[in-house]
Amino acid sequence: MKHLSQSPLDPAFVQNPYPFYDQARASGDLFFWDAYDMPCAAGYGVVDAVLRDRRFGREAPACVAKPVPAHLEPFYVNENNSMLEREPPAHTRLRAQVMREFTGRKVHDLGPEIAQLSHHLIDQFPAGPFDLLGAFAEILPVTIIARMLGVPPGMERQLLDWSHAMVAMYQARRDRAIEDGAVAATLAFSDYVRGLINARRQAPRDDMISALVGETTGLSEAEIVSTVILLLNAGHEATVHTIGNGVAAILQNAVDPARAFATEISTNSTTNEMIRYDPPLHMFTRYALQDMELFGHMFRQGDQVALLLAAANRDARVFESPARFDVRRPVRANASFGAGIHFCVGAPLARLELNVALPILFERCPNLRLAGAPIYADRYHFRGFEQLMVEA
Ligand code: HEM
């Protein structure tokens, strides 16, 4: 297996990881990424196959599970109750309760609310240059997922702060200050969610927290807290940057928004291309749950493998001229929402948010243009801009 030694902290790499991904894909089914000390896949076929392979999982098998340092205990107690970090049977039980709340019908019914909120945010755009992330992309998804769960309005900024502090644990650059910030956020966020759970137990409402506390769900209080936090965090972090990266791609590639968003079909193909071309989440890892030989490599139980979703989306064997942003590309599955049992629960909601909000944005702001070159934030493997300065 070929070794590649790219540092994930290298600023040039963080701004544009795609040339490295091309090199990685050309190295074979698997390459060894020295900086992460593990084999890694960059081609679509291998990434998709490993995500779907039940011999791999997100939960570390007992033979390699490391003791958690005392100062990180609260963070990992929360993580360990989250479906995202579990494998069956716990994963199946937790995911089933959430899926009941994410049926096609329930998600589809949010369309008018997303439209109304989009208009409300656009009404407040200032006259001069402004940051589209802060004014639009960041507010929309957190407001919708908070409403779905039943979090009172006015909490959005606080939810964003807690979420950013927790998610920072998964970026390549991590230090004690980030760890302490994540633990403090976990404790405060959990306390807040416990308060909401108690309130809904006393007086249920028509919201997702009330559904999760229902007696038939069989979820423990710790599992409900963790599920609510997961949904609130996952429910906005990635959508924000799919909107930001995608709007930048539209503006930088001379796409005519009037055509791209002319019909439901063209809108869907445009947003699908936004999701493929420059996704917000680039890398996920899996543990081998048993010994096996795969793609010419002997995996031992507990070995890790990294899967580069954004590299898979640029695989020329699957996507013609993959480096081209082409909103008329035929719609087909890509790797951005993952695959297999952990496939993104919120994919239909994220797609609906894009399909409803973006036509409104470009219809209301037909002259939307960049006000300066956007700079990606220094945090591999999450990809999104620090700011997206535009003028309407
Ligand atoms: C464009 C936006 C989004 C992207 C690109 C995205 C991407 C992903 C990916 C790649 C995974 C799989 C991780 C893995 O296999 O290890 C995932 C899982 C998940 N996502 Fe999303 N996501 C998005 C939006 C959302 C939204 C809006 C929600 C919730 C409302 C959500 C909730 C979840 C949950 C709960 C999981 C865990 C599923 C499981 O473990 O079974 N995501 N997402």
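First things first, this report covers the structure right here in the doc. (Residues numbered from 1 in each chain as written. Predicted model: local features only at pLDDT ≥ 70, side-chain atom pairs only at ≥ 80, totals over all residues. Heavy atoms only, no water.)

**Quick notes on the overall build of the chain**
So, point 1. Scanning the chain from N- to C-terminus turns up 17 helices and 11 strands.
So, point 2. For the chain, the C-alpha radius of gyration of 21 Å lies close to 21 Å, the compact-globule estimate for 392 residues.
So, point 3. Over its C-alpha atoms, taken along the principal directions, the chain stretches across nearly 55 × 55 × 40 Å.
So, point 4. Taking as baseline every contact in the chain between residues at least 6 positions apart, the subset at least 24 positions apart corresponds to 72%.
So, point 5. Just so you have it, the chain exposes about 17,200 Å², and 54% of that area is on carbon and sulfur atoms.
So, point 6. Positive and negative side-chain charges in the chain, numbering 37 and 45 respectively, have mean positions lying 4 Å apart. (Helix = DSSP H or I, 4+ residues; strand = E, 2+ residues; numbered from the N terminus. Rg over C-alpha atoms; globule rule 2.2 N^0.38 Å. Contact = heavy atoms within 4.5 Å. Areas by Shrake-Rupley, 256 points an atom, 1.4 Å probe, with all protein chains shown as cover. Lys, Arg positive; Asp, Glu negative; His and termini not counted. Charge placed at Lys NZ, Arg CZ, Asp CG, Glu CD.)

**Quick look at the sheet that holds strand β5 (residues 130–131)**
So, point 1. Strand order in the open sheet formed by three strands is β5-β11-β10, and the pairing between neighbours is antiparallel. Strands at the two margins of the open sheet, each flanked by one partner only, are β5 and β10 (369–370).
So, point 2. Sheet topology places β5 next to strand β11 (residues 389–391); two bridges connect them, and they run antiparallel. Opposite Asp131, over in β11, you have Met389 as the bridge partner. (Pairing = 2+ DSSP bridges.)

**Notes on the coordination of the iron atom of the ligand**
So, point 1. You will see that the iron atom of the ligand has only one donor from the protein, Cys344 (SG), lying 2.3 Å away.
So, point 2. As for its placement among the helices and strands, Cys344 is situated in the loop between α16 (309–312) and α17 (347–364). (Donors = N, O, S within 2.8 Å, 3.2 Å for Na, K, Ca; no water.)

**As for the site of the ligand**
So, point 1. In the region of the ligand, 28 residues are neighbours, and Arg58, His91, Arg286, His342 and Cys344 sit closest.
So, point 2. Taking Ala234, its main chain carries an N or O atom lying 3.5 Å from a nitrogen atom of the ligand.
So, point 3. Residue assignment for the shell around the ligand shows that the elements contributing at least two residues are α5 (90–99), α13 (221–252), β6 (283–288) and α17.
So, point 4. With six residues, the top contributor of residues to the shell around the ligand is α13.
So, point 5. For the shell around the ligand, a count of residues per class yields 17 nonpolar, eight polar and three charged. (Near = heavy atom within 4 Å. Polar contact = N/O pair within 3.5 Å; in protein donor to acceptor, adjacent residues only side chain to side chain. Nonpolar A, V, L, I, M, F, W, Y, C, P; charged D, E, K, R; others polar.)

**Notes on the side chain of Arg276**
So, point 1. Structurally, Arg276 is set in helix α15 (residues 264–277).
So, point 2. Using a relative accessible area of 1% as the deciding quantity, one classes Arg276 as buried.
So, point 3. Looking at Arg276, its side chain comes within polar contact range of the side chain of Glu273, at 2.9 Å.
So, point 4. Within the structure, the side chain of Arg276 is placed 3.1 Å from the backbone oxygen of Arg324, a separation counted as a polar contact.
So, point 5. Arg276 has contacts with Asn313, Arg314, Phe319, Pro322, Arg324, Arg329, Asn334 and Ser336, leaving out every residue within four places of it along the chain. (Buried < 20%, exposed > 50% of the residue type's maximum accessible area, 1.4 Å probe, protein only.)

**Details of the pairing of β6**
As a general feature of sheets, a regular strand has side chains that alternate between the two faces.
So, point 1. In terms of strand pairing, strand β4 (residues 56–57) meets β6 through two bridges, oriented antiparallel. Paired with Gly57 across the bridge in β6 is Tyr287.
So, point 2. The pairing of β6 with strand β9 (residues 304–308) spans five bridges and is antiparallel. Bridge pairing in β9 places Phe284 opposite Leu307.

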